[in-house]
Amino acid sequence: MSVDGDAGRLKDETDEPGWEVDPDDEWGLAVVTTVGRQLRLRREAVGMRAPDFGVAVGYGEDMVYKLEGGKRIPRPEFLDRADEVLEAGGLLAAMKEDVAKVRYPKKVRDLAQLEAKAVELQLYDPLNIHGLLQTPEYARALLLMRRPAYNEDEVERFIAARVARKAVFERELAPELSFVLEEWTLRRPLGGKARLRGQLEHLAHIGQLRNVELQVMPMEREEHAGLAGGIEVLKFEDGSAVGRSPAVAGGRPVSELKQLRILELRYGIIRAQALTPRESNAFIEQLLGET
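What counts, and at which threshold
- Residues numbered from 1 in each chain as written.
- Predicted model: local features only at pLDDT ≥ 70, side-chain atom pairs only at ≥ 80, totals over all residues.
- Heavy atoms only, no water.
- Pairing = 2+ DSSP bridges.
- Helix = DSSP H or I, 4+ residues; strand = E, 2+ residues; numbered from the N terminus.
- Axes fitted to C-alpha atoms, helices over the stretch in contact; angles between N-to-C directions.
- Parallel < 35°, antiparallel > 145°, perpendicular 65-115°, else oblique.
- Left-handed = near helix turned anticlockwise from the far one by under 90°.
- Contact = heavy atoms within 4.5 Å.
- Nonpolar A, V, L, I, M, F, W, Y, C, P; charged D, E, K, R; others polar.
- Buried < 20%, exposed > 50% of the residue type's maximum accessible area, 1.4 Å probe, protein only.
- Polar contact = N/O pair within 3.5 Å; in protein donor to acceptor, adjacent residues only side chain to side chain.
- Core = buried A, V, L, I, M, F, W, Y, C linked by side-chain atoms within 4.5 Å.
- Salt bridge = Lys/Arg side-chain N within 4 Å of Asp/Glu carboxyl O.
- Phe/Tyr/Trp six-rings, centres within 6.5 Å; stacked < 30°, edge-to-face > 60°.

Undergrad: I tried to follow the sheet that holds strand β2 (residues 176-182) on my own but got confused; where do I start?
TA: In a beta sheet, neighbouring strands pair by backbone hydrogen bonds and run either parallel or antiparallel. The strand order β3-β2-β1-β4-β5 describes an open sheet built from five strands, whose pairing is mixed. Both edges of this open sheet fall to β3 (212-217) and β5 (241-244), since each of them pairs with a single strand only. The average angle at which neighbouring strand axes cross in this sheet is 5°, direction not considered. Across six bridges, β2 lies against β3 in parallel orientation. Residue pairing in the sheet places Leu177 in a bridge with Val212 of β3.

Undergrad: Looking at this structure, how should I read the packing of helix α7 (residues 136-144) against helix α8 (residues 152-165)?
TA: A packed helix pair is summarised by two numbers, namely the angle formed by the two axes and the spacing between the axes. Two elements in contact, α7 and α8, have axes separated by 10 Å at closest approach and are oriented at 140°. It follows from the interaxial angle that α7 and α8 lie oblique. As for how α7 packs across α8, the hand of that crossing is right-handed. Contacts between α7 and α8 involve Pro136, Ala139, Arg140, Leu143 and Leu144 from the first element and Glu152, Val155, Glu156, Phe158, Ile159, Arg162 and Val163 from the second. When its residues are assigned to classes, the contact of α7 with α8 shows eight nonpolar, no polar and four charged.

Undergrad: Quick question: what am I supposed to make of the side chain of Thr185 here?
TA: Tracing the chain through its elements places Thr185 in helix α9 (residues 183-187). Look at Thr185 and you get buried, because its relative accessible area is 3%. A polar contact is formed between the side chain of Thr185 and the backbone oxygen of Glu182, at a distance of 2.6 Å. Beyond its immediate stretch of four places on either side in the chain, Thr185 contacts Pro126, Leu127, Asn128, Ile129 and Tyr138.

Undergrad: Would you explain the nonpolar core in this entry?
TA: In terms of nonpolar packing, the biggest core is built from 31 residues, with Leu133, Phe169, Phe179 and Leu186 touching the most fellow members. Mapped by element, the contributors of at least two residues to this core are β1 (118-125), α7, β2, α10 (193-206), β3, β4 (231-236) and α12 (277-290). By residue number, the principal contributor to this core is α10, which donates five residues. Beyond its immediate stretch of four places on either side in the chain, Leu186 contacts Ile129, Leu181, Leu196, Leu200, Leu203, Val216, Ile284 and Leu287. In this structure, Trp19, Val31, Val32 and Ala82 belong to the second largest nonpolar core, which totals 24 residues.

Undergrad: Would you mind showing me how to read the pattern of salt bridges here?
TA: Where charged atoms of side chains with opposite charge meet at close range, the side chains can pair. Considering all chains together, one arrives at 15 salt bridges under this definition. For Arg244, the salt bridge is made with Glu232, and the minimal N-O distance between the two is 3.1 Å. With Arg244 in strand β5 and Glu232 in strand β4, this residue pair connects regions lying 12 residues apart in the sequence. On the basis of relative accessible area, Arg244 is assigned to the partly exposed category, the value being 32%.

Undergrad: Hey, could you run me through the environment of Ala274 in this one?
TA: Positionally, Ala274 belongs in the loop between α11 (257-273) and α12. Excluding its chain neighbours within four sequence positions, the residues that come into contact with Ala274 are Val180, Gln215, Val216, Met217, Pro218 and Arg221.

Undergrad: Can you help me understand the packing of aromatic side chains in this one?
TA: Two descriptors summarise a pair of aromatic rings, namely the distance from one centre to the other and the angle between the planes of the rings. Going through the model one piece at a time under the given rule, you end up with four aromatic pairs. Taken together, a centroid distance of 5.0 Å and an interplanar angle of 45° make the contact between Tyr150 and Phe158 tilted. In textbook terms, an aromatic cluster arises when at least three aromatic residues are bridged by ring pairs, as seen for Phe53, Tyr59 and Phe78.

Written out as structure tokens, the structure reads:
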């Protein structure tokens, strides 16, 4: 963290947009407040004034007070620099992991927590390649197409959240993962052909994992049970489950057996209408040869 070189100006909020705390995120507010309190206590313990500390880390005095007051989410590199300047012995730097999670939107963080506990996931997205399968480059291209446009900081925030969710593939006891992908999402070169090729290569790799089944829904199908929207069903070790679809309960997560049965029925039919996993993997390899 440094002073802006040419003008020697200390960074303020205009230099770092998008690092505000979500007022509805109680856990996030608690984390950022705790980190801010520790920053202030360490600064006072070494007898350093806020303006002097700001100069040392490259931030304006007002930004220092907002960080200490839990009004702003500190960047990881700021915590590293603050730990060094305040001789905190790693105490401040150790908070980076929790602070990083605060940057993820609350709904994404909640979903990631559910995915981390699930033993089986059934996922269908009719509009895009599912977020869990997207490469960072492909995800960036999609996010940059959003209107009204996200700012660069928001784009980075969402990409970081999607990358963090991919831990579901790396768990020691990996869950069973089933994806149904629409053929058109594999053909449309969103973000350019190079990004699409990288995405297809990633799918070809993921499709070889023993706990993952990818199925492609061909565009030529004359019957399709997924026209009502996407489907997510997460099943847990205790036999419980949670599902979500725009066509059920207004898209809110549901756990009632009647609503889950509807989602599983639709997903089962969609899978039956799609290519088999073996056929789908061959189809993805074919598209790679054409791209």
